[in-house]
Amino acid sequence: MRPMLLKQLLLILQLKWTVCKRFLIQVPFPYAFLLSAMALLLGYVLLKIDIPVTWQSIAGAIVIQFFLCSRINYRADKRLFLRQYRDLYPLSVFIDSFFLSLPFVLVNGYLWMTAVIVAFLYSALDLSARRSVKLRPVLPSPFFMKSSYLWHAQQRYILPVIWILIALFIVIAYIHDNYNLGIVVLGGGTFIGFLATIMETEEADFVQMYINTKHFITRTLLETLYNTALYLFPLVAALFFLFPAERMVTLLFFPAVLLINVQLLWTKYAFYPSAPLATVIFFFGLLLQGALSITLYGIIIVPVYTVILYFLFIKNIRAIISVYEKRL
């Protein structure tokens, strides 16, 4: 390794560590404790999972790692700054991609090496920049209410594609009499699509264009519930009629996704404008609620968690809009 490249590597690592420390300082203490506990629990679960090395598991690792790498998105000014120095931009992308591959270490060493190779190719081929300039058509879709400002057109293009793929997999699941395939694909596909759509970041002007706090809360909640229900209804109805023996599970899936999307919305704006903080808290909050839902007493905590999240959401939105009103 060239001395200059090694120096750049050390500087990048030092910069990322500084940014990480600032991020950790923003996390409230109860959440910091919760996130630490959930991280240890997740690490223990990954360590105990026994996944054999097959072409299916390798393909799964490639898809997961590529999806994680595709979430790395530098602002245009940051990309221009890093490109002023040779090899600095792909090196920075590779470091981020490499850290995202570390959970595979706990699962299987070969799968981790596969993830590292994907990370290297993603950064070496500069796929992040190619993705940023790629044409993304906005497909006309019946799954959204008109004037649905929250469900941004920039990410909306993936939702019809995911919907069609889910529908195809449900047909395949019916042909092979495999309900688990259908419900897993439905859950995973909708989760990825909704996460990418709702969590798309925007400037504070987007929030401040609403008349007042009540209008923003009402409008965003209505859009989320309405669009989610329209999107899921045909798919859930298909599973409901094709697999009558599992109708109760299918019925429970519908309100569960509605609740998850509402919590996703409130988490995003409760910790706005910090998208990384909101994403981390949402994922670990989801894991916590999943663990609590196993017991009868734990289910009681889920509404309490949702109410607390709602008040944090209201508090932050009121602060953002009040700042705008003071400027006027």
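Asker: Describe the overall build of the chain, and please don't skip the residues or the numbers.
Answerer: What the chain contains, in helices and strands, is 16 helices and 0 strands. When contacts within the chain are restricted to residue pairs at least 6 apart in sequence, those whose partners lie at least 24 apart make up 76%.

Asker: Lay out the packing of helix H10 (residues 158-175) against helix H13 (residues 213-242) with the relevant residues and their values.
Answerer: Put simply, H10 and H13 touch, their axes get as near as 11 Å, and they point 0° apart. By the angle class used here, H10 and H13 are roughly parallel. Mapping the contact onto sequence places Leu159, Ile162, Trp163, Ile166, Ala167, Ile170 and Tyr174 in H10 and Tyr231, Pro234, Leu235, Ala238, Leu239 and Leu242 in H13. Residues of the contact of H10 with H13, tallied by class, amount to 13 nonpolar, no polar and no charged.

Asker: Could you give me a rundown of the pattern of salt bridges, with the residues and numbers involved?
Answerer: Scanning all chains against the criterion turns up 1 salt bridge. Measuring nitrogen to oxygen at the nearest pair gives 2.9 Å for the salt bridge that ties glutamate 223 to arginine 219. You can see glutamate 223 and its partner arginine 219 sitting in helix H13, 4 residues apart, about one turn around the helix. Each of the two residues, glutamate 223 as well as arginine 219, counts as buried.

Asker: If you had to explain H10 to someone new, which residues and values would you point to?
Answerer: A rise of 1.5 Å per residue sets the reference length of H10, with its 18 residues, at 26 Å; its end C-alpha atoms lie 26 Å apart and thus fit the reference within 8%. Turning to H10, its buried residues number three or more, namely Ile158, Leu159, Pro160, Ile162, Trp163, Ile166, Ile170 and Ala173. A positive phi of about 50° marks aspartate 177, the residue just after H10.

Asker: Tell me about helix H5 (residues 88-100), and name the residues and values.
Answerer: Across its 13 residues, H5 extends 19 Å between first and last C-alpha, which sits within 8% of the 18 Å expected from 1.5 Å per residue. Where H5 is concerned, the buried positions are Leu88, Tyr89, Leu91, Ser92, Val93, Ile95, Asp96 and Ser97.

Asker: Tell me about the side chain of aspartate 96, residues and numbers included.
Answerer: Turning to its location among the elements, aspartate 96 is positioned in helix H5. Ignoring anything within four residues of it in the chain, the contact list for aspartate 96 reads Lys16, Ile72 and Tyr74.

Asker: Could you give me a rundown of the nonpolar core, with the residues and numbers involved?
Answerer: Ranked by size, the top nonpolar core spans 51 residues in total, and within it Leu186, Val207, Phe216, Tyr269, Phe313 and Ile317 carry the most contacts. The set of elements that each furnish at least two residues to this core consists of H10, helix H11 (179-198), helix H12 (204-208), H13, helix H14 (247-270), helix H15 (275-292) and helix H16 (296-327). Here valine 207 is in contact with Phe216, Tyr269, Ile317, Ile320 and Ile321, once residues within four sequence places are set aside. Ranked by size, the runner-up nonpolar core spans 13 residues in total, among them Ile12, Leu88, Val93 and Ala119.

Calculation rules
- The written sequence of each chain sets the order in which its residues are numbered from 1.
- In keeping with the predicted nature of the model, local features appear solely for residues at pLDDT of at least 70, side-chain atom pairs appear and are counted solely at 80 or more, and the whole-chain, interface and lining totals rest on all residues.
- Note that the side-chain values use all heavy atoms of the structure and ignore hydrogens as well as water.
- We count a stretch as a helix when DSSP gives it H or I for four or more residues in a row; a strand needs E for two or more, and each element gets its number in order from the N terminus.
- Contacts are assigned to residue pairs that have any heavy atoms within 4.5 Å of one another.
- An axis is simply a line fitted to the C-alpha atoms; with a helix, the fit covers only the stretch in contact. Between two such axes, the angle follows the N-to-C directions and lies from 0 to 180 degrees.
- What sets the label is the angle itself: under 35 degrees gives roughly parallel, over 145 gives roughly antiparallel, 65 to 115 gives roughly perpendicular, and the rest give oblique.
- For this classification, the nonpolar set comprises Ala, Val, Leu, Ile, Met, Phe, Trp, Tyr, Cys and Pro, the charged set comprises Asp, Glu, Lys and Arg, and every other residue, Gly included, is treated as polar.
- Salt bridge, as applied in this entry: a Lys or Arg side-chain nitrogen positioned within 4 Å of an Asp or Glu carboxyl oxygen.
- Classification of residues uses two cut-offs on accessible area relative to the type maximum, computed with a 1.4 Å probe and protein chains only: under 20% is buried, over 50% is exposed, and between them is partly exposed.
- To estimate the expected span of a helix, subtract one from its residue number and multiply by 1.5 Å.
- Nonpolar cores were defined as sets of buried Ala, Val, Leu, Ile, Met, Phe, Trp, Tyr and Cys residues, with membership established by side-chain atoms within 4.5 Å.

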